[in-house]
Amino acid sequence: MSSGTMPFVLNLGPTLNVEKAGSLRKDIADALGSGESVSVDFSAVEEIDLSCLQVLYAGLASAKASGREMHFVGNLPQKAGERLKACGFLCGAKALAADLETALGLLS
Amino acid sequence: MAQSMDKFKATFREEAFELLGKLEDQLLELEEQPLNGELINAAFRAIHTVKGSAAMFGFDAVSKFAHEFETALDLCRNGTLSITKDFIGLALKGRDHLRRLMEYESEVPEDIATDGEALLKRFASFAAKGKPKEAEPRAEKPAPVEEARQPAAPTRTFRVVFKPAAGVFRNGTKILNLVEELVGMGVADAFPHMKSIPALGEMDPESCYTWWEVLLTAATDENAIRDIFIFIADQAELKVEVVAEGESVEPRRLGDILVDRGDVSRADVAEALNSQKKLGEVLVEKKVISTPQIESALVEQEHLKKVHDHNEMAASSIRVASEKLDSLVDLVGELVTLQARLAQTSIDLGDSTLASISEQFDRLISQLRDNAMSIRMLPIGSTFNKFRRVVRDLSLELGKEAELVTDGAETELDKTVIEKLGDPLVHIIRNSVDHGIEHPDARIAAGKQRAGTIKLVARHSGAYVLITVVTRHRF
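Owing to the predicted nature of the structure, the values given are computational and were not obtained by experimental measurement.

Help me get a handle on unusual backbone geometry, residues and values and all.
Residues and elements named next belong to chain B. Even without being glycine, lysine 287 reaches a positive phi, approximately 60°. Tracing the sequence through the fold places lysine 287 in the loop between α11 (279-285) and α12 (291-315). Since its relative accessible area comes to 74%, lysine 287 is described here as exposed.

So what about the environment of glutamate 105 of chain B? Which residues, and what values?
Residues and elements named next belong to chain B. Secondary-structure assignment places glutamate 105 in the loop between α4 (85-101) and α5 (110-129). The partly exposed category is assigned to glutamate 105, whose relative accessible area is 33%. C-alpha separation for the pair glutamate 105 and aspartate 60, spaced 45 residues apart in sequence, amounts to 6.9 Å. Leaving out residues up to four positions away in the same chain, glutamate 105 has contacts with Lys9, Phe57, Gly58, Phe59, Asp60 and Ala61.

For helix α16 (residues 415-436) of chain B, give the residues involved together with the corresponding values.
Residues and elements named next belong to chain B. Taking 1.5 Å per residue, 22 residues should reach 32 Å; α16 reaches 30 Å between its end C-alpha atoms and fits that length. Of all the bends in α16, the largest measures some 35° and sits at glycine 422, one to four residues before the proline proline 424. Those residues of α16 lying buried are Lys415, Ile418, Gly422, Leu425, Val426, Ile429, Ser432, Val433 and Gly436. Tucked inside the fold, the buried residues of α16 contact α13 (322-349), β5 (377-379), α15 (381-398), β7 (412-414), β8 (452-461) and β9 (464-471).

Describe in detail the pattern of salt bridges, supporting the description with residues and values.
Residues and elements named next belong to chain B. Counted under the stated rule, the structure contains 33 salt bridges over all chains. In this structure, glutamate 24 and arginine 389 form a salt bridge, with 2.8 Å as the shortest nitrogen-oxygen distance. With glutamate 24 in helix α1 (residues 2-32) and arginine 389 in helix α15, this pair connects stretches of sequence that are 365 residues apart. Among the residues examined, glutamate 24 registers a relative accessible area of 10% and is labelled buried. Classification of arginine 389 as buried rests on a relative accessible area of 9%. Two residues, aspartate 260 and arginine 159, come together in a salt bridge whose shortest N-O distance is 3.5 Å. Pair noted here: aspartate 260 is in helix α9 (residues 254-261) and arginine 159 is in strand β1 (residues 155-164), with a separation of 101 residues, a long-range link. Judged by relative accessible area, which is 40%, aspartate 260 ranks as partly exposed. One network of salt bridges, in which partners are shared, links Glu24, Glu31, Lys85, Arg95, Asp96, Arg389, Arg392 and Asp393.

Summarise the sheet that holds strand β1 (residues 8-11) of chain A; cite the residues concerned and give the values.
Residue and element names in this part refer to chain A. Spatial ordering of the open sheet is given by β1-β3-β5, a layout of three strands whose pairing is parallel. The outermost strands of the open sheet, each flanked by one partner alone, are β1 and β5 (70-73). Direction aside, neighbouring strands of the sheet carry axes that sit 25° apart on average. As defined by bridge partners, β1 adjoins strand β3 (residues 38-41) across four bridges and the pair is classed as parallel. Each bridged residue has a counterpart across the sheet, and for asparagine 11 the counterpart in β3 is aspartate 41. Sheet strands touched by helix α2 (residues 50-65): β3 and β5. Its angle to β5, the strand with the most contacts, is close to 140°.

I'd like a description of the environment of isoleucine 437 of chain B, backed by residues and values.
Residues and elements named next belong to chain B. Position of isoleucine 437 relative to the elements: it lies in the loop between α16 and α17 (440-445). We classify isoleucine 437 as buried; its relative accessible area is 1%. Setting aside chain neighbours within four positions, we find isoleucine 437 in contact with Lys400, Glu401, Ser432, Arg443, Gly452, Thr453, Ile454 and Thr471.

Got a sec to walk through the interface of chain A and chain B? Specific residues and values, please.
Counting residues at the interface gives 31 residues for chain A, matched by 28 residues for chain B. On the chain A side of the contact with chain B, Arg25, Leu50 and Gln54 of chain A bury the most area, a combined 25% of that side's loss. For the pair chain A and chain B, the number of links is two salt bridges. Of the charged contacts in the structure, one is a salt bridge between glutamate 180 of chain B and arginine 83 of chain A, with a shortest N-O distance of 2.6 Å. Mapped by element, the contributors of at least two residues to the side of chain A that touches chain B are α1 (18-33), β4 (47-48), α2 and α3 (78-86) of chain A. Of all the elements, α2 of chain A adds the most residues to the side of chain A that touches chain B, at nine residues. Split by residue class, the side of chain A that touches chain B holds 19 nonpolar, six polar and six charged.

Outline the side chain of threonine 383 of chain B, supporting the account with residue identities and numerical values.
For threonine 383 of chain B, the position within the fold is in helix α15. A polar side-chain atom of threonine 383 of chain B sits 2.8 Å from the main-chain carbonyl oxygen of isoleucine 380 of chain B.

Definitions and limits used
Residues numbered from 1 in each chain as written. Chains lettered and ligands numbered in written order. Predicted model: local features only at pLDDT ≥ 70, side-chain atom pairs only at ≥ 80, totals over all residues. Heavy atoms only, no water. Helix = DSSP H or I, 4+ residues; strand = E, 2+ residues; numbered from the N terminus. Buried < 20%, exposed > 50% of the residue type's maximum accessible area, 1.4 Å probe, protein only. Contact = heavy atoms within 4.5 Å. Expected span 1.5 Å × (residues − 1). Bend = angle between axes of the 7 residues up to and from the residue. Salt bridge = Lys/Arg side-chain N within 4 Å of Asp/Glu carboxyl O. Pairing = 2+ DSSP bridges. Axes fitted to C-alpha atoms, helices over the stretch in contact; angles between N-to-C directions. Buried area = accessible area lost by both parts, 1.4 Å probe. Nonpolar A, V, L, I, M, F, W, Y, C, P; charged D, E, K, R; others polar. Polar contact = N/O pair within 3.5 Å; in protein donor to acceptor, adjacent residues only side chain to side chain.

Shown next, in the form of structure tokens:
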């Protein structure tokens, strides 16, 4: 995790699995607590599992509830993106925050 | 009757050749990604379909061999056997043997039968490695005729509700992989429900809060679906319902879907329909139903429409023997020649009426020629896979490591040109492996990577298609 001046940048590691879900939650909570807008960088992500997806979803919901901005940058690897697409995360499910969908859809 | 049976058999052969062609691709990809469950399933389904259809049309040798092949793939599918390079080598040989067997209904020449027996022994030996010692060696039993003759499961549309338990992550279960495998069984649309995820500060990051509804249209049965989740059966709620039987899926109204799901009553729907607003909006406003429930029902509606449209489209395309297309193109060629003579005659006679008819005729002939030629156009990628196999087999034979990288597979060429390109390209690619790629030791000594790369590129260049083969022996 590294902090820029504006916004707060959260660099995600290559493997986002259940072992990392706890620290990811803390990092997002800290970032949101900093009072700045948060930019979550997916550039280094190679694999992401459901536990971390849930944390990102909760993070977005918290950001929205507190009036903060949380954005996603970077690309997911094609395979990881295709898996998420198969699981319905990128098929236009309106229940997901649009920003999360956009973030997870960063395949182009 | 015999004639119509011959027609069915010819269609079966064509389709089986297609499946075996795809199987070759899947096996080559599996060699690169041995843990790819979707590929293993696809290979298994291809062999399973060939086996079932072969038994139905009386291709007993094909059916028997495919049965043993399927047994080995099934062991890979359930994780009992690992997919190694040796196994892929054997599976590719098995696939080649099946293709040869397809030429014979029952009487198989002795040399081919002997090859088959040797391969069957190797399959049995592989399968034996993956079985518990007390298990009966199934591979040594002859294929049970009744089992082999069972037709593949009919196509159905299932609604699968998958609710993993909260603690499911703790044993390392990769939930997304399971959903992806389910979706890979056929045409599917998944809808994840994430509304139960608590706020960031209140959530347990190691708990699962998400559940799915998946609409799946596939030639499978409930057991095959349940098999995917068998290892977490005690940690998940799984509901499998059939929402449509057969391939002819009809689109349905949202209200009918919601009633069918038990989300609302007919009376609720009837009342909501009296409003000027959309059905979903009214039901949500009246708190009869939640937004995710509506969205999930919309996914189901969209899925049924998609499958319906796909089937309609499939029904509007037909298979035509390539000889008939060749004959059509020849006839069009003769028409073009005749038209040129007509045009010249109209000029020679100076007859304006004839010249006008000739011009109109010329335009129509040009369109007819373009249409006829376009029917024979195929993407060149259909032959690229053959070259991947050539590179793989020759590298092994020569003790080299080489990878074929292709680009422009979608480039279209006339079918006859593609056929004529096959042999010269095989020759060039064989030479590239033989003379353009060094042995791994020599490559490492020269500071290169162990494996060499051969790049095969097809692209349009003006009115031509340019095919390039590059051996990157410097890297």
